[in-house]
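# Structural overview for review
Below are the chains, spelled out letter by letter.
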Amino acid sequence: MRRSVWLAVACSVHLAAPVLGQAAAAAPAAAIPVGADGAKIFAVTCAACHLVTGLGTEGKIPPLAGSEWVTGNETRLVRIVLHGLTGDVEVQGEVFNGAMPTWGGAFSDEQIASVLSFVRRSWGNKAPPITSETVARVRAATPSRKLPWTVKELLQRAS
Ligand code: HEC
């Protein structure tokens, strides 16, 4: 009797592991204690779409490797991750039209700073890190923002 109970527990653990793995991939931001480790946040959250190579997928998900949005203006970059992005966006000469989710509610200023600092120095990207003070400043500038940004809006705002 006791033995069969242990067996049942062991089996359910084996079964649960892959199922949990799938749930994590589908809803990466939910309840995963990621800490402020940029590489880890990237792997758990962003790589689901942009891939661990940072290359994205052709015609669907834009690359972060070599992206002018990643290495360029830091305020725009922070806005994209805080609130998301929708509509046409040109990256390395290719136009994408998808929907980048919003992460502002899922991550602290420090976590967003560390994942962005990670993407700015990965895959050959060479741009200075983003500080949590910068993320806090950008977040505070549009506290009631709910909608994802469009490129037009981002470019209209000077900083
Ligand atoms: C569900 C898929 C998905 C996830 C997860 C995701 N993105 Fe995106 N991301 C997109 C799509 C799609 C776009 C393009 C949006 C558009 O066409 O307007 C994009 C655009 C971007 C851009 C601007 C364009 C570029 O390629 O440089 C940046 C920067 C970016 N994402 C960073 C991140 C970071 C950092 C994370 C993790 C915190 C992340 N993304 C997670 C789908 C995703």
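Along each chain, residue indices are assigned from 1 in the same order as the chain's sequence is written. The predicted nature of this model means local features are confined to residues of pLDDT at least 70 and side-chain atom pairs, given and counted, to a pLDDT of 80 or more, with totals for whole chains, interfaces and linings taken over all residues.

### Things to note about the overall build of the protein chain
From N to C terminus, the protein chain includes seven helices and two strands. In this text, helices come from DSSP runs of H or I with a minimum length of four residues, and strands from runs of E with a minimum of two, each type numbered from the N-terminal end. Traced from its N-terminal end to its C-terminal end, the protein chain shows the element sequence α-α-α-α-β-β-α-α-α. Exposed residues have 12 or fewer other C-beta atoms within 10 Å of their own C-beta, buried residues have 20 or more, and residues in between are partly exposed; the C-beta atoms are placed from the backbone. Counting the 159 residues in the protein chain, one finds 27% classified as buried. Note that contacts rest on C-beta atoms placed from the backbone: two residues are in contact if these are within 7 Å. A fraction of 58% describes how many contacts in the protein chain between residues 6 or more apart in sequence connect residues 24 or more apart.

### With respect to unusual backbone geometry
Its identity as a non-glycine residue notwithstanding, Gln 92 has a phi of 50 degrees, on the positive side. As for its position among the elements, Gln 92 is in the loop between strand S1 (85–91) and strand S2 (94–100). Not every positive phi belongs to a glycine, and Trp 123 is a case in point at roughly 50 degrees.

### So, the nonpolar core
Structurally, a nonpolar core is described as a collection of buried Ala, Val, Leu, Ile, Met, Phe, Trp, Tyr and Cys residues joined by way of C-beta atoms within 7 Å. Membership of the largest hydrophobic core comes to 25 residues, with the highest contact counts inside it found for Val 78, Val 81, Ile 112, Val 115, Leu 116 and Val 119. For this core, the secondary-structure elements that each account for two or more residues are helix H2 (38–50), helix H4 (74–83), S1, helix H5 (109–120) and helix H6 (132–141). It is H5 that contributes the most residues to this core, six residues altogether. Excluding residues that lie within four positions of it along the chain, Val 119 makes contacts with Phe 42, Gly 54, Leu 64, Val 70 and Asn 125.

### Thoughts on the site of the ligand
Using a C-beta atom placed from the backbone, a residue is scored as near a molecule or strand whenever that atom is within 6 Å of it. Near the ligand lie 29 residues; those nearest to it are Cys 46, Cys 49, Pro 62, Gly 98 and Met 100. Going through the elements one at a time, H2, helix H3 (68–71), H4, S1, S2 and H5 are the ones with two or more residues in the shell around the ligand. Here the term charged refers only to Asp, Glu, Lys and Arg, the term nonpolar to Ala, Val, Leu, Ile, Met, Phe, Trp, Tyr, Cys and Pro, and the term polar to all other amino acids, Gly among them. Grouping the amino acids of the shell around the ligand by side-chain chemistry returns 22 nonpolar, seven polar and no charged.

### Section: the pairing of S2
Strands are labelled as partners when DSSP assigns at least two bridges between them. As defined by bridge partners, S1 adjoins S2 across seven bridges and the pair is classed as antiparallel. Across the sheet, residue Gly 87 finds its bridge partner in S2, namely Gly 98. Counted between consecutive antiparallel strands, the loop separating S1 from S2 contains two residues, among which Gln 92 sits at a positive phi close to 50 degrees.

### As for the environment of Trp 149
Residue position: Trp 149 is located in the loop between H6 and helix H7 (151–156). Since 23 C-beta atoms lie within 10 Å of it, Trp 149 is described here as buried. A sequence separation of 70 residues divides Trp 149 from Arg 79, and the C-alpha atoms of the two residues are 7.6 Å apart. Trp 149 has contacts with Arg 79, Ile 80, His 83, Gly 84, Leu 85 and Leu 154, leaving out every residue within four places of it along the chain.

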